[in-house]
Amino acid sequence: MTSASETIRALLDLRSWVALDLDADGRVLAGHDDLGSMQLVEIGADGTPTPLTDLPSPCRGRYVPGRRQVVVEHDEGGDENYQLSLLDLTDPPARPVGPDRLVPLVRDPDRLHVLLDVTGDDVVYCTNRRNGVDMDVVLRSLDSGEERVAYDGGGYVVQTSVSHDTTSVAVTTLSLRPSSTTVAVASGGTAQVVTDPDELAEHDVAGWTADDAALVMSSDHERDHHAVVSLARDGGTWSTLVAADDHDLRVWLSPDGTAFVVGHHVDGLDTFAVHEADGRHRVDVVAPPSAPESVVWAPDSSAFAITAKTPTDPGSILRVDARTGLVTIVVDGRDAVPPELRDRLVTPTVHRIPAPDGEQIPCFRYASTTGASVVHVHGGPEGEATRLFSPVLQALALSGFDVLVPNVRGSSGYGKRWVSLDDVELRLDSVADLGAIHDWLPTVGLDPARSSLWGGSYGGYMVLAGVSMQPDRWAAGVDIVGMSSLVTFLENTSDYRRAIREREYGTLADDRAFLEKASPITYLDDIIAPLFVIHGGNDPRVPLSEAQQIKAALDGKGIHCELRVYDDEGHGLAKRANRLDAYPAAIDFLRHQLGTA
């Protein structure tokens, strides 16, 4: 009989895959964490894997079209100051290469350089090197090393798309409205904003139409849910290509602009279909619903790969024929799950939990047997809990906890109205949803006196908010890289992130009083629940000081608070060794606090 600790470690030790790119010869550039963090592996057309990198921190990459080269994005210890390098595959390495075998492309360890696109001639990236805050879009020639700035209009760049004739770049930035983006078209040294920066709307550009006359995107422009739309390059004409009234759609455009994949996103899972460029349905993808970690097209637009995750599949890579919708399994993610665990993995059920104001909180329940429960809150705040594979959720469930995974108000995936219900002064309405979930526990046979909170980043904030603002409800909490004070968080986070966080939480200049009201540390004297706190020493988003100040404050009160700091990590735990140290200890902490040990 496998012990609980052995089961937990076996789950946390599972290897996972993600498809990053396809080349013209049928190879897949993938990420795989067999070496302890996500590293590059090439899967040949015959299915043979060749490990490519062994870097100190996780990395990702893209093929250079028409060349046997890969552009590699990597940082140091999770500091998110990404550097760009080139890996030549003319003679594939006999063993994974370290940093010394990479050819530098863009290096400045004090600034970030985010890989956005790779054409046959250029690497497209954004960087904050101009002033440490605003992100410029730069095209760097792979041959000459010459750089030209395509966009320097300011803001936080999240996405770019180069036109087929390479004369224009669509640049998507976060706007100053919560959960919203702005799209500009940069061409000939100037940039024209083509969406309304004042509209509460999110636009996710998939690429250019075949004639470069318009952009194809997923957008909730003038609607509650995301639809697939086209927008003329001058911003003058919007056209709806595919839409649904009751759920969001996602889109991935083929390289030649002649077709696109649509993901119908319902309660954390997607079903897929291929459509013609004008929106006409071509074919459904013959695959079960999944949570797609990535969708990448082949250069000739004949096929695409989906990294498909489900609660019981750590991630399969599926190659899909774009004409027939037929699927070939490149990697079967369930092969990584030990046979003795496969049939024990828990498939969650979907629920709607009533809130006192009449709202319904979407929630996934991983049922167990002891009556004790863990409410697991996602990061964001505009993030989303989906039904993907999580070794932590499965480990908690197989340790005897009912695991409840809500999409509290403010979460994405359920329309514009829902994602807007926690903006600025509505922040505490999201915290109140935790109380509604706690009130619901007895209706499904769970013991309200044996319930705890677990969350990372914004989820960590929610853990601290729950135990401080609802102290009579929660028996314990696990806080991972969470904010104990919204004021000190905004004061100390990286300069380039402050403005984008203030749009959601409120500004230090105008909303300080509310930020203090919404900060867990304000209610320090009310905390009675013991805490387990995990933080990365190099976290550029939520500084380590957020964990240190709650630890010091609770030590002063005599409340149990264990703090584990990992000096080689950033915003979360990316390395398997650290996860194997932190998470079993956190689960054991909850087992003792909630009486399931």
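Residues numbered from 1 in each chain as written. Predicted model: local features only at pLDDT ≥ 70, side-chain atom pairs only at ≥ 80, totals over all residues. Heavy atoms only, no water.

Below, the discussion takes up the overall build of the protein chain. What the protein chain contains, in helices and strands, is 11 helices and 36 strands. Each principal axis of the C-alpha distribution contributes one length, and for the protein chain these read about 65 × 55 × 45 Å. Counting every position in the protein chain, which comprises 597 residues, the buried fraction comes to 61%. In the protein chain, of all internal contacts separated by at least 6 residues, the share reaching a separation of at least 24 is 53%. Accessible area of the protein chain: about 22100 Å², with a carbon and sulfur share of 49%. Charged side chains in the protein chain number 50 positive and 90 negative. The centres of these two groups are separated by 3 Å. (Helix = DSSP H or I, 4+ residues; strand = E, 2+ residues; numbered from the N terminus. Buried < 20%, exposed > 50% of the residue type's maximum accessible area, 1.4 Å probe, protein only. Contact = heavy atoms within 4.5 Å. Areas by Shrake-Rupley, 256 points an atom, 1.4 Å probe, with all protein chains shown as cover. Lys, Arg positive; Asp, Glu negative; His and termini not counted. Charge placed at Lys NZ, Arg CZ, Asp CG, Glu CD.)

As a further point, take the side chain of Ser85. As for its position among the elements, Ser85 is in strand 7 (residues 83–88). Within the structure, Ser85 has its side chain in polar contact with the side chain of Arg107 (distance 2.5 Å). Not counting the four nearest positions on each side in its chain, Ser85 is found in contact with Val70, Val71, Val72, His74, Leu102, Val103, Pro104, Leu105 and Arg107. (Polar contact = N/O pair within 3.5 Å; in protein donor to acceptor, adjacent residues only side chain to side chain.)

Here we take up the packing of aromatic side chains. A complete count under the given rule lists seven aromatic pairs for this structure. Where Trp252 meets Phe272, the ring centres are 6.2 Å apart and the plane angle is 50°; that geometry is what we call tilted. With Trp252 in strand 21 (residues 248–253) and Phe272 in strand 23 (residues 269–276), this pair connects stretches of sequence that are 20 residues apart. Using a relative accessible area of 6% as the deciding quantity, one classes Phe272 as buried. (Phe/Tyr/Trp six-rings, centres within 6.5 Å; stacked < 30°, edge-to-face > 60°.)

What follows is about helix 11 (residues 576–594). In a regular helix each residue adds 1.5 Å, so 19 residues correspond to 27 Å; helix 11 covers 26 Å between its end C-alpha atoms and thus fits that length. Among the 19 residues in helix 11, 14 count as buried, and that is most of the element. One or two positions beyond helix 11, positive phi appears at Gly595, with a value near 75°. (Expected span 1.5 Å × (residues − 1).)

What follows concerns the sheet that holds strand 11 (residues 136–141). With respect to topology, four strands assemble into an open sheet ordered 9-10-11-12, the strand pairing being antiparallel. Looking at which strands have only one partner, the edges of the open sheet turn out to be strand 9 (113–118) and strand 12 (147–151). Going from strand to strand, the sheet's axes swing by 30° on average, the running direction of each strand aside. With five bridges connecting them, strand 9 and strand 10 (residues 122–127) associate as antiparallel partners. Pairing of Val114 across the sheet is with Cys126, part of strand 10. (Pairing = 2+ DSSP bridges. Axes fitted to C-alpha atoms, helices over the stretch in contact; angles between N-to-C directions.)

With respect to the helices and strands, the residue Arg15 is situated in the loop between helix 1 (4–12) and strand 1 (17–22). On the basis of relative accessible area, Arg15 is assigned to the partly exposed category, the value being 26%. Separated by 321 residues in sequence, Arg15 and Ala336 place their C-alpha atoms 6.3 Å apart. With near-sequence residues (within four places) excluded, Arg15 lies in contact with His32, Asp33, Asp34, Pro314, Ala336 and Arg576. From its side chain, Arg15 meets the backbone oxygen of Asp13 in a polar contact 2.7 Å long. Within polar-contact distance, the side chain of Arg15 engages the side chain of Asp34 at 3.0 Å.

Looking now at the packing of helix 1 against helix 11. Between two packed helices, both the angle of their axes relative to each other and the distance between the axes serve to describe the pair. It is the contact of helix 1 with helix 11, at a shortest axis distance of 10 Å, that shows an interaxial angle of 145°. At the point where helix 1 passes helix 11, the crossing takes the right-handed sense. Along the contact surface, helix 1 presents Ala4, Ile8, Arg9 and Leu12, while helix 11 presents Arg576, Arg579, Leu580, Tyr583, Pro584, Ile587 and Arg591. Tallied by class, residues from the contact of helix 1 with helix 11 come to seven nonpolar, no polar and four charged. (Left-handed = near helix turned anticlockwise from the far one by under 90°. Nonpolar A, V, L, I, M, F, W, Y, C, P; charged D, E, K, R; others polar.)

With that out of the way, let us pick up the sheet that holds strand 24 (residues 281–284). Taken together, the four strands give an open sheet; going across it, the order is 21-22-23-24, and neighbouring strands pair in antiparallel fashion. Strands with a single pairing partner mark the edges of an open sheet, and in this sheet they are strand 21 and strand 24. Going across the sheet, the axis of each strand differs from the next one's by a mean of 30°, ignoring polarity. Across eight bridges, the pairing between strand 22 (residues 259–266) and strand 23 is antiparallel. Pairing of Val261 across the sheet is with Val274, part of strand 23.

Right, let's talk about the nonpolar core for a bit. Residues Leu396, Phe401, Trp454, Tyr461, Tyr583 and Leu590 are the most contacted members of the largest nonpolar core, which totals 91 residues. If you look at the next biggest cluster of nonpolar residues, it comprises 19 residues, including Val114, Val124, Ala186 and Ile500. (Core = buried A, V, L, I, M, F, W, Y, C linked by side-chain atoms within 4.5 Å.)

The next thing to look at is the packing of helix 1 against helix 3 (residues 391–398). Running from amino to carboxyl end, helix 1 crosses helix 3 at an angle of 165°, the nearest separation of the two axes being 9 Å. It follows that helix 1 is roughly antiparallel to helix 3 by the angle criterion. Of the two elements, helix 1 crosses helix 3, and the hand of that crossing is right-handed. Facing helix 1, whose interface residues are Thr7, Ile8, Leu11 and Leu12, helix 3 presents Pro391, Val392, Gln394, Ala395 and Leu398. (Parallel < 35°, antiparallel > 145°, perpendicular 65-115°, else oblique.)

Put simply, Gly380 and Pro381 share a cis peptide bond, and its omega is 10°. Tracing the backbone shows Pro381 in the loop between strand 31 (373–377) and helix 3. Backbone geometry places Glu80, a non-glycine residue, at a positive phi of 65°. Mapped onto the elements, Glu80 comes out in the loop between strand 6 (69–74) and strand 7. Phi angles above zero are rare outside glycine, and Asp212 is one such case at about 60°.

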